Structures are given as C-alpha cells and as structure tokens.
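What the coordinates show
Spelled out from the first residue to the last, the chains are:
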Amino acid sequence: MNVAEAVGRALAELGATHVFGVVGSGNFHVTNALIAGGARFVPTRHEAGAATAADAYARMCGEVGVLSVHQGPGLTNAMTGLTEAAKSRTPLIALAADTAAGAVQSNFRIDQPGLAAAVGAAHVRLGSADTAVADAAMAYRLAAAERRTVFLSMPLDVQAADCPSAVRRPPPPTAGQASLAGTSPAPDQEAISELVDVLMAARRPVFIAGRGAMLAGAARVLDELADRCGALLATSAVAKGLFVGNPWDLDVSGGFATPLAAELISSADTIVAWGCTLSMWTTRHGALIRPGTAVVQVDLEQDAIGLNQPVRLGIVADVAVAATETLAELDRRSATVIGYRTPAIRERIRAAGRWRDVPYQDTSGAGQIDPRMLTVAVDDLLPTERIVAVDSGNFMGYPSMFLAVPDSGGFCFTQAFQSIGLGLATAIGAALARPDRLPVAALGDGGALMGIAELETVVRLGLPMVILVYNDAGYGAEVHHFGPDGFPLDIVQFPDTDLAAIGRGFGADAITVTESADLDPLRDWLSGPRERPFLIDAKVTRDRGSWWLEEAFRGH
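Residues numbered from 1 in each chain as written. Predicted model: local features only at pLDDT ≥ 70, side-chain atom pairs only at ≥ 80, totals over all residues. Heavy atoms only, no water.

**Re the side chain of Arg 341**
Here Arg 341 shows up in the loop between α14 (319-333) and α15 (343-352). Residue classification places Arg 341 among the buried positions, given a relative accessible area of 13%. A polar contact of 2.4 Å, which involves the side chain of Arg 341, links it to the side chain of Asp 227. Leave out the neighbours within four places in its chain, and Arg 341 touches Ala 226, Asp 227, Gly 230, Ala 231, Leu 232, Leu 233 and Trp 248. (Helix = DSSP H or I, 4+ residues; strand = E, 2+ residues; numbered from the N terminus. Buried < 20%, exposed > 50% of the residue type's maximum accessible area, 1.4 Å probe, protein only. Polar contact = N/O pair within 3.5 Å; in protein donor to acceptor, adjacent residues only side chain to side chain. Contact = heavy atoms within 4.5 Å.)

What follows is the structure in structure tokens.
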C-alpha cells in the first residue's frame, strides 16, 4: 500500500464520511482510498463549489468537512470557499496535493503554507512515508478539536512512496474531539457571580446568542436562564432560528432586525452576548447598544472578548457551561426577576415580531415583483421542514428576513467572507447534511451566474432543491451603493438573463416569475415526486436598494 492509499483509508477510519472535490492526477489515489474506506465522494464542477459544499456540510451535521483537490490550480480555485470556512472556524480538512520537494520548476508549485496562513487556516504537511499517517491524523484532530480549517499538503513523491507495514492505524477520535466544549476552560466563579449581580439588577435585559451558542448546543439552557432573569432573546444572523417557538424571541439582531426588535434591543439596559462578538452587522454599527448599557460577553476565546464592543464583564468559557453555572448561582440565591418580560411586550412581539407582520408598500408592476411579496408567497408554499442557504448580495435580506426556518439547523449562512457565488454550493452541502429537509438556495442573479456550474451537480445528485433567484439584472449592491451619488452604473448592470432557460438546459424544472400567480407551478412541484430541482427566475423590482444594505453602506 502506498502513502496515498494509507492516508485515505486512515482518514475514513477517523470519521470522514463525505468528501467533496474535483479529481486530478494529484488527488486521484487518495480520493479512491477514501471511497474504499467507506466515504462518499461528491464530485463538483469547480473546486470553489467543492470547498463551499464541504464547509456547509460540516456546519450542518457537526462532522469534519473534507475537501480533495489537485495540486496548484486545484487549491487556488478552492481558496474563496476555504477562506469562508477558515473565517467561520469550520472544522474542515483540505487534502491538497503538492509538488515534490525537488520539483522547484513545476508549474504547479505554490506556497501552500503561505496560502493557509493568509486566510487564517492551519497547515500540516505529510513529512515522509514513515510519518504520513500520523501527520494526516494530526491534521484531522486539529480540525475537530480546535474547529480549524486545515490544509494538509500531500507531496506527490511522498504519496507515491510505499507505506511501511509497521505504521500504526490511527485510533478513532473520542467523543469529545468533535467539539470545543471538551477542552473549554471552566468559567471563573467570581465572574459568574458578577454576571448574576448584573442580571438581578437589570430591568430590560437582552440575550444575543451567536455561533458559539449554537455550536455549544446552548439553546435549551439559555431559554431557561432567560426565563429566570426576564431576558428577551435574539441571535446573530448565523444563529438564526436558535430560539424559534419561544414567545420572547426577537429573531435576528442587527441589520436584519425587525423595527420592533431594533427598538427593544436598543432600549435594553443589559445585553449579554453568548458566543457572539457583537460585530457591526449584529449591532448596526453599534447603534443598537446605547451608552450606559451593561454589556457582558461570554466566549470560548479570550481574543473575542471586547473585540467589537467594549464590555463591562467578559467570561472565557463554553457558552452552555457558563449558562449552566449562572443558573446554578441563581438557584443558590433563589433569584428570579421579571426583567423585560411584561404582558405588553409579549403582545407586541406576537403582533409584530416577524417581518411579514410589518406593513410595506408593494412596489410590484411593469413585469417585476416586489421581493418582499415574492418571498412571503414562497414561504407560504414551502414545507416547514426546510434548510435555507443564502448567497451574498443586495437581495440577501429578503430570504433571511421573510423565509421562516424551523430551528438553527434550518439556516446555513456562509457570509464570513462576504463573497457572492457561494450560495448554490452551500445548499448542496446543507442538503447532503440534512436529507430530511427541503433545501432552498436563495441567490441573486450575479451570484447564481457565478456559481451556475454547480447546478449540474444538483441535477446529477438528484437533489430536490428549490433555487430562488432574485434577478435584478445587475450587481444590486453596487448599483444602490454608487447610484445615489450620481456615478455611472454601466459596469454593474447587465441585459436581463433568462435564468429559467439556463435552468432547463441543465435539466431542472424552471419558471419565470413576475407576479405571485406565476408561482403556481411550484405548488405542483412541491406536491409531486420532486425528481428534479426547481429554479425560480424572479424578476424583482430594482428601483431602490434594500434598506438594510443601504444602512450598512452608510454606516448608520
């Protein structure tokens, strides 16, 4: 057995169940070895799609994502997806074939460690035939235990070498290795006591939960803690759905917040950020945190404390552990407070807590549909059990605001790098992670065309996916960013593209939508066998930009 075969089989034994990639000569043997070891290989049409799908798969099922790419351009093609994964702290291992140490003139030679460092990923290299299996196991465990994206460089000469028979197979990872909670520091008890002091003094407390709360599985304990101290609940965008069903849930804080949520959060006298860095997106450039508000931040990483907002108290700990300790301290004091939870507030949340409950003026007409009306109509047709993947761009607030999700496992938000073109591949990875749910890809026309090659992957895999394209015939974010200042827009506007025809060319069912009645074929598709994906080319109104993006661009 050569090293490539040994490494592939070892990774399968460690727990790699799905591998995404594009195969070339440099990663052919290791990919086949993974398949032989029991992993499923998911071939995509572009390495960027493979990296993004691997990222989404890992996020939505809790496994380590695995990407397999050829040396040189195979890795550079994947870099945008890998950057998104690294910035999101997705546990992912990129099996990157590499040139032999002596092949200094190879066209494929690049600085793989430098690429990894540039985007915040870790790097491990197969050092020799004697150490290769151990090196691969170390990379996999680093990805799992520290939630890191790891580049595993696999030089061709090392891959081809015979693997010594004395090399030990790696033991399977233990139960704690797939999460940070197993190695998290215990919260400081004085800090927990101080947090309880803050909560008992609060009259209008709000909890904002982020990715750290979601990864810690802290929804239940935060629900209970919020009950005890009278806190309203909100999330960052990436954790949307964490508190679905709770009558005190404000949904997303920040640019996607409803007017009511923005009012109640900005009126808080205490904000506790649970696994959330309170970025400009979550706080509307700080506008949702008024002067004098007591800000507490609980995060697993010391460097995250106070990263975006000054805090009165920072606690370094796993969110679920810290919340549990806080509950225990409340028990010791026999403390419960009403806080923000009055009957009047509950009724206001019930009446206006969702975007679809907020009145708006329908701008549909002249062959275009208001994106709000479009999204509400689609939301009404889709089943509850869905998983929504949203690309980036001017349109992105509409599906994020108006499409309901059943829980935090129903929303996949690859936005850490703010790249367009990743949404369709995100939906592929999410669909494979959660085959029990209907996958919904929400895209702009720019991002859809950028990642359109992966529509062939969706069709080939037989994924029953709804692909909703908000088609405004341009790069809407730039149109509405520069247009108000009088700049020419020719370079960011395009002739209308018949995306429905393109979808049918790939083998999908597809319709063009200019009014709500045009969605009737979607109703029929949803009630049928769903043998092919369903693409909606929605010609949306384009007179003005989305309000949340305008606010983000203007910084207020």
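Having put the structure on the table, let's press on.
**Re the packing of aromatic side chains**
Two numbers describe a pair of aromatic rings. These are the distance of the centres and the angle of the planes. Scanning all chains against the criterion turns up nine aromatic pairs. With 5.7 Å between their ring centres and 55 degrees between their planes, Phe 20 and Tyr 57 make a pair best called tilted. Placement of the pair is Phe 20 in strand β1 (residues 18-21) and Tyr 57 in helix α3 (residues 47-61), with a sequence separation of 37 residues. By relative accessible area, Phe 20 is classed as buried at 0%. Look at Phe 256 and Phe 413: their rings are 6.2 Å apart centre to centre, the planes differ by 80 degrees, and that puts the pair in the edge-to-face class. (Phe/Tyr/Trp six-rings, centres within 6.5 Å; stacked < 30°, edge-to-face > 60°.)

**Topic: the pattern of salt bridges**
Where side chains of opposite charge bring their charged atoms close, a pairing between them can arise. What the rule picks out here adds up to 28 salt bridges. For Asp 98, the salt bridge identified is with Arg 125, shortest N-O distance 2.8 Å. One end of the pair, Asp 98, is in strand β4 (residues 92-98); the other, Arg 125, is in strand β5 (residues 122-125), and 27 residues separate them in sequence. The residue Lys 539 makes a salt bridge to Asp 496 at a minimum N-O spacing of 3.0 Å. With Lys 539 in strand β18 (residues 534-539) and Asp 496 in the loop between α21 (476-482) and α22 (499-506), this residue pair connects regions lying 43 residues apart in the sequence. Judged by relative accessible area, which is 9%, Lys 539 ranks as buried. Classification of Asp 496 by relative accessible area gives partly exposed; the value is 46%. (Salt bridge = Lys/Arg side-chain N within 4 Å of Asp/Glu carboxyl O.)

**Describing the sheet that holds strand β9 (residues 249-252)**
On the basis of which strands lie adjacent, the open sheet formed by six strands has the order β9-β8-β7-β10-β11-β12 and parallel pairing. Across the chains shown, the open sheet's two edge strands, defined by having one partner strand only, are β9 and β12 (313-316). Each adjacent strand pair in this sheet contributes to an overall mean axis angle of 15 degrees, direction not counted. Across five bridges, strand β10 (residues 270-274) lies against strand β11 (residues 294-299) in parallel orientation. (Pairing = 2+ DSSP bridges. Axes fitted to C-alpha atoms, helices over the stretch in contact; angles between N-to-C directions.)

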